[in-house]
Amino acid sequence: MTEQEERTEQVETKENAGWEPKLIGFLCNWCSYAGADLAGSSRLKYPPNMRVVRVPCSGRVNPQFVMKAFERGFDGVLVAGCHPGDCHYSKGNYYTRRRLMLFKEFLEFMGIEPERFKFDWVSAAEGQKFAEVVGELTESVKRAGPFEGVCKR
Amino acid sequence: MSMEQELREKAKELLSSGKVKVVIGYGEGSIPIKSTPIFVKTPEQADCLVLNPTCTNNLTVYLPQAVKSGPVAVVAKPCEVKNIVELVKENQIKREDVTVIAVSTPGILNDAALAEFDLLDVKKISWKADGVAVTTSQGDTVIPRDAAFQKKCLSCTAAQPAIADIKIGDWAERAPLQDKFADVEEYEKLSAEEKRAFWAGQFSKCIRCYACRQACPGCYCNECFVDKNGQIWASKDTGAESNWFFHMTRMMHTAGRCTGCGECERACPMGIPLSLMGKKMSLLVKELFGTQPGESMEDAPVFGCYQTNDPDPCPE
């Protein structure tokens, strides 16, 4: 390793040290969004790294949403909805479960670390769980480091 | 009677009895190394049908349009019969509108096998017991099976089709010559970073000609998401990232209906190994939901149904 490279690496590690991951979360209106609300009104502390997009149902989450987020440079993505059996529209989350379980594995196949994508259930009463889920995702994305893009050059 | 003659006889019967309006099959191409899809409408034209190692196109791609003007018969190889099963299950065609002529061939020619030949000098390509015979002005050369056939044919077991009205060829189950998923296993040894670098290289080649989509019987949408001008999800530029987005979406859309016919990869002018993704998808669908595209008429389409005990991201 040349001196120049060494210095660059030092600078990079230093930059990484202050680096905060940028996350996006797709939350279902009826459970997870309300769960996030509860976490807030209960004054629970959790990392502020996530931007929330409210969707009518986790069934609304097209895998393209997740792809787009990664393509545009988000470091991690969360999809959360009502627990199976509790969907406001009876079965939306059952369909999304099939789709996203497959998609999750496929992302890994395409070289996107599984640490960057989280798919979980958070009910309206689970403010505590919401805080934990966001905390876990932030931690695992930090471990994976800054996302270098869907295609590494 | 050769398979070709048998096929012509059956096509004549179907057309003269009025059971079908058209038989979709293969005809001679402009040069003997190619055959081309043809639509046979009269019993006399049935003599134009050919069956040889160059018959590679997946003809089931024409079905959703073709059935609109009456019942159709289609020549389909084992992997392609599965496409018909999926089209029927997904209500794109009616079972009674299509007569399936299932043809089990020894294998289909891999274009790369002809690399050493003067292509304009090739007079005929035919099956031999141990491979493919290429006839040129210098005489016959036999290419052994391993080199002559496409990868998908080397791993084919010619399993009994879920639907078939007419069966032609040798349908005895055969031992595959190659492991179908060997390349997937090899690829999966790469690290996450190497995988992304691999696809960056592949997708930067893509020119977005959409040949993969056009050749795919699973891609039957009237308007593809990339062609939509209202909601533009996929950018039309050909940067590696946009191409990644296009191919990823296409793979998700064909998940559970990709039967591994390999036409996308064959149609690709840039040599992108698209079937690698398709194969992984079929492995995942099998692993997670226990179904295989096109294997039975009973299974519901993968994303058109659910089970309450499906794999869960956080099992209780």
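Think of each chain on its own: its residues are numbered from 1, step by step along the sequence as written. For naming, the first written chain is A and the first written ligand is 1, with later ones following in the order written. Reporting in this predicted model follows two pLDDT cut-offs: at least 70 for local features of residues, and 80 or more for side-chain atom pairs to be given and counted; totals over whole chains, interfaces and linings ignore these cut-offs and use all residues. Note that water and hydrogens are dropped before the side-chain values are worked out from all heavy atoms of the structure.

(A) Quick peek at the overall build of chain A. Helix and strand assignments follow DSSP, with helices taken as H or I runs no shorter than four residues and strands as E runs no shorter than two, numbered in order from the N terminus. The helix and strand inventory of chain A stands at five helices and four strands. Secondary structure elements of chain A occur, N-terminal to C-terminal, as α-β-α-β-α-β-α-β-α. Three exposure classes are used, based on accessible area relative to the maximum for each residue type with a 1.4 Å probe and protein chains only: buried under 20%, partly exposed in between, and exposed over 50%. Going through the 153 residues of chain A one by one, you find that 53% of them count as buried. Residue contacts are defined here by distance: any two heavy atoms, one from each residue, within 4.5 Å place the two residues in contact. Across chain A, the fraction of contacts at a sequence separation of at least 24, relative to all contacts at a separation of at least 6, is 79%.

(B) The arrangement of the state of the cysteines in detail. Any two cysteine sulfur atoms lying within 2.5 Å of each other are counted as a disulfide. Summed over the entire model, instances satisfying the criterion amount to one disulfide over all chains. Covalently, Cys31(A) is tied to Cys82(A) through a disulfide, its sulfur atoms 2.4 Å apart. An S-S torsion of about 100° defines the bridge between Cys31(A) and Cys82(A) as right-handed. Of this pair, Cys31(A) sits in the loop between β1 (23-28) and α2 (32-41) while Cys82(A) sits in the loop between β3 (76-81) and α4 (92-109), and the two are 51 residues apart along the sequence. Just as Cys31(A) is buried, Cys82(A) falls in that class too. Here Cys258(B) is not cross-linked by a disulfide; its sulfur's nearest cysteine counterpart is in Cys264(B), at 6.3 Å.

(C) Up close: the pattern of salt bridges. Salt bridge, as used here, is a side-chain nitrogen of Lys or Arg placed within 4 Å of a carboxyl oxygen of Asp or Glu. What the rule picks out here adds up to 26 salt bridges over all chains. Here Asp165(B) makes a salt bridge to Arg95(B), at a shortest N to O gap of 3.1 Å. With Asp165(B) in the loop between α5 (151-154) and β9 (166-169) and Arg95(B) in the loop between α3 (78-89) and β5 (98-104), the pair connects residues that are 70 residues apart, well separated along the chain. Here Arg95(B) falls in the partly exposed class, since its relative accessible area comes to 24%. Among the ionic pairs, Lys151(B) bridges to Glu265(B), the shortest N-O distance being 3.9 Å. With a gap of 114 residues between them, Lys151(B) in helix α5 and Glu265(B) in helix α10 (residues 263-267) connect regions that are remote in the sequence. Look at Glu265(B) and you get partly exposed, because its relative accessible area is 22%. Linked by salt bridges that have partners in common, Glu113(A), Arg116(A), Glu148(A) and Arg196(B) make up one network.

(D) Examining the environment of Leu49(B) more closely. Residues and elements named next belong to chain B. The residue Leu 49 is located in strand β3 (residues 49-50) in this model. As for Leu 49 and Leu 7, which are separated by 42 residues in sequence, their C-alpha atoms are 7.7 Å apart. Contact partners of Leu 49, with chain neighbours within four places excluded, come to Glu 4, Leu 7, Arg 8, Ala 11, Val 23, Gly 25, Tyr 26, Ile 38 and Val 40.

(E) Structural context of the domain arrangement of chain B. Residue and element names in this part refer to chain B. Residue ranges for the domains trace back to a domain assignment, done automatically or taken from a database. By domain assignment, chain B separates into domain 1 (1-107 + 158-175) and domain 2 (179-303). Once you take the C-alpha centre of each, domain 1 and domain 2 turn out to be 25 Å apart. With 18 residues of domain 1 at the contact, the number on the domain 2 side is 18 residues. Joining two parts hides part of their accessible area as seen by a 1.4 Å probe, and the buried area is that hidden amount summed over both. Summing the contributions of domain 1 and of domain 2, the shared interface buries around 1700 Å²; its carbon and sulfur component is 57%. When residues of domain 1 are sorted by the area they lose upon contact with domain 2, Lys 82, Lys 89 and Glu 90 head the list and together hold 31% of the total. Linking domain 1 with domain 2 are two salt bridges. Here the residues of the side of domain 1 that touches domain 2 are counted per class, giving eight nonpolar, six polar and four charged. Three residue categories are used. Nonpolar comprises Ala, Val, Leu, Ile, Met, Phe, Trp, Tyr, Cys and Pro, charged comprises Asp, Glu, Lys and Arg, and polar comprises the others, including Gly.

(F) Expanded view of the pairing of strand β4 (residues 117-121) of chain A. Residue and element names in this part refer to chain A. Counting buried positions over the five residues of β4 gives five, a clear majority of the element. Going residue by residue along β4, you find Phe 117, Phe 119 and Trp 121 tucked away on one face and Lys 118 and Asp 120 tucked away on the opposite face as well. Inspection of the sheet shows β3 paired to β4 by five bridges, in the parallel sense. Pairing of Ala 80 across the sheet is with Asp 120, part of β4. When the strands point away from the viewer and the connection leading from the first strand across the helix to the second strand turns clockwise, the crossover is called right-handed. Crossover handedness for the path β3 to α4 to β4: right-handed. Two strands are counted as paired when DSSP detects at least two bridges linking them.

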